[in-house]
Amino acid sequence: MKKLSLILFLFAGLFQQVGAQVKLGHVNSQDVIANMQDYKDMQEILTKKEAELTAELTQLDSVLNAKYQEYLQAKQNGSSQTVITVLESDLQELEQRIQQRSQQADQNLRQLQQKLQTPLMQRVDTAIKEVCKEGGYLYVFDTSTLLFVGEGAVDLTPLVKQKLGVPADTTDGGGGQ
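Residues numbered from 1 in each chain as written. Predicted model: local features only at pLDDT ≥ 70, side-chain atom pairs only at ≥ 80, totals over all residues. Heavy atoms only, no water.

### Focus on the overall build of the chain
For step 1, the next point in the chain: Assigned secondary structure in the chain consists of five helices and three strands.
For step 2, the next point in the chain: Looking at the chain as a whole, 23% of its 177 residues are labelled buried.
For step 3, the next point in the chain: Contacts spanning at least 24 positions in sequence make up 82% of the contacts within the chain whose residues lie at least 6 apart.
For step 4, the next point in the chain: Of the accessible surface of the chain, which amounts to about 12,700 Å², a share of 54% is contributed by carbon and sulfur atoms. (Helix = DSSP H or I, 4+ residues; strand = E, 2+ residues; numbered from the N terminus. Buried < 20%, exposed > 50% of the residue type's maximum accessible area, 1.4 Å probe, protein only. Contact = heavy atoms within 4.5 Å. Areas by Shrake-Rupley, 256 points an atom, 1.4 Å probe, with all protein chains shown as cover.)

Put into C-alpha cells, the structure is as follows:
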C-alpha cells in the first residue's frame, strides 16, 4: 500500500511539473475575422454579387409573369387549344429555367464565398500559429467554441489582430474574458 501511495505521489508531482510548463491560450477567431478589412471587402463583394443575381432572377420572374398574363389572355379570348398548349409549354420551360438559374446562382454565390474565404482563413490560421510559436504556447483554443474561459486564461486575440494589422480596439466585448 505504501508503494502505491509513493508511486501516486511521484506521478502527481510529475504531472504538476509538466502542467506548469504547458502554456495555454485562447483566441476569439470570429472577432478577429469580423474586424479584418479583407472580411469586410469579401462581404461587400458577396453582397454586390447577390444583388446582381437577385436582379437577374427578378427580371426572369417579370418575364414569367408577362408570359402568364399572355396565357390567361389567350384562354379568355378563346384561343385555339394549340396556342394554349404552346403557351403552357413555354411557361413550364421558363419556370424550369428560372428554377435552374436560381440553383446555379446559389451555387455560384457559395463558390465565390469559399474562394474569397479560403485565403482569409489561411491568413488567420498562419497568424495564430505565429503568435503561438513566438509565445511558446502549446495549445490555443477558440473562445467561439468554448463554454467557459477562466480569469487567468491568456487572451491571444490582441496579438493575432496585431499580427494581421487589425486595429486592437475592435472587439466584440467577449474576447477578453
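Further notes follow.
### Notes on the nonpolar core
For step 1, the next point in the chain: Core analysis: the biggest nonpolar cluster contains 15 residues, and Val 32, Met 36, Val 124, Val 160 and Leu 164 have the highest contact counts within it.
For step 2, the next point in the chain: Counting only elements with at least two residues in this core, the list comes to α2 (29-34), α4 (81-135) and α5 (157-164).
For step 3, the next point in the chain: Tallying contributions element by element places α4 first for this core, with six residues.
For step 4, the next point in the chain: Ignoring anything within four residues of it in the chain, the contact list for Leu 164 reads Val 32, Met 36, Arg 123, Val 124 and Ala 127. (Core = buried A, V, L, I, M, F, W, Y, C linked by side-chain atoms within 4.5 Å.)

### Some words on the sheet that holds strand β3 (residues 154-155)
For step 1, the next point in the chain: One open sheet accounts for three strands, arranged β2-β1-β3; its pairing is parallel. Two strands lie at the open edges of the sheet, namely β2 (139-142) and β3, each paired on one side alone.
For step 2, the next point in the chain: Two elements, strand β1 (residues 24-27) and β3, share two bridges in a ladder whose sense is parallel. Paired with Gly 25 across the bridge in β3 is Val 154. (Pairing = 2+ DSSP bridges.)

### So, the packing of aromatic side chains
For step 1, the next point in the chain: In this structure the tally under the stated criterion is two aromatic pairs.
For step 2, the next point in the chain: Directly above the aromatic system of Tyr 137 lies the positively charged group of Lys 23, at a separation of 4.6 Å from the ring centroid. (Phe/Tyr/Trp six-rings, centres within 6.5 Å; stacked < 30°, edge-to-face > 60°. Lys NZ or Arg CZ within 6 Å of the ring centre and 35° of its normal.)

### Quick word on α5
For step 1, the next point in the chain: Within α5, burial applies to Thr 157, Val 160, Lys 161 and Leu 164. Burial along α5 is one-sided: seen end-on, the buried residues are contained in an arc of 100 degrees.
For step 2, the next point in the chain: Next to the buried residues of α5 lie β1, α2, α4 and β3.
For step 3, the next point in the chain: Backbone geometry just after α5 places Gly 165 at a positive phi near 80 degrees. (Arc of directions from axis to C-beta.)

### Focus on helix α3 (residues 37-76)
For step 1, the next point in the chain: Compared with an ideal rise of 1.5 Å per residue, which puts 40 residues at 58 Å, α3 spans 58 Å between its outermost C-alpha atoms and is within 8% of the ideal.
For step 2, the next point in the chain: Residues of α3 that are buried include every one of Met 42, Leu 46, Leu 53, Leu 60, Leu 64, Tyr 71 and Ala 74, and no others.
For step 3, the next point in the chain: In the core, the buried residues of α3 are packed alongside α4.
For step 4, the next point in the chain: Residue Gly 78 follows α3 closely and has a positive phi angle near 75 degrees. (Expected span 1.5 Å × (residues − 1).)

Everything listed here is a matter of geometry and, on its own, says nothing about what the molecule does.
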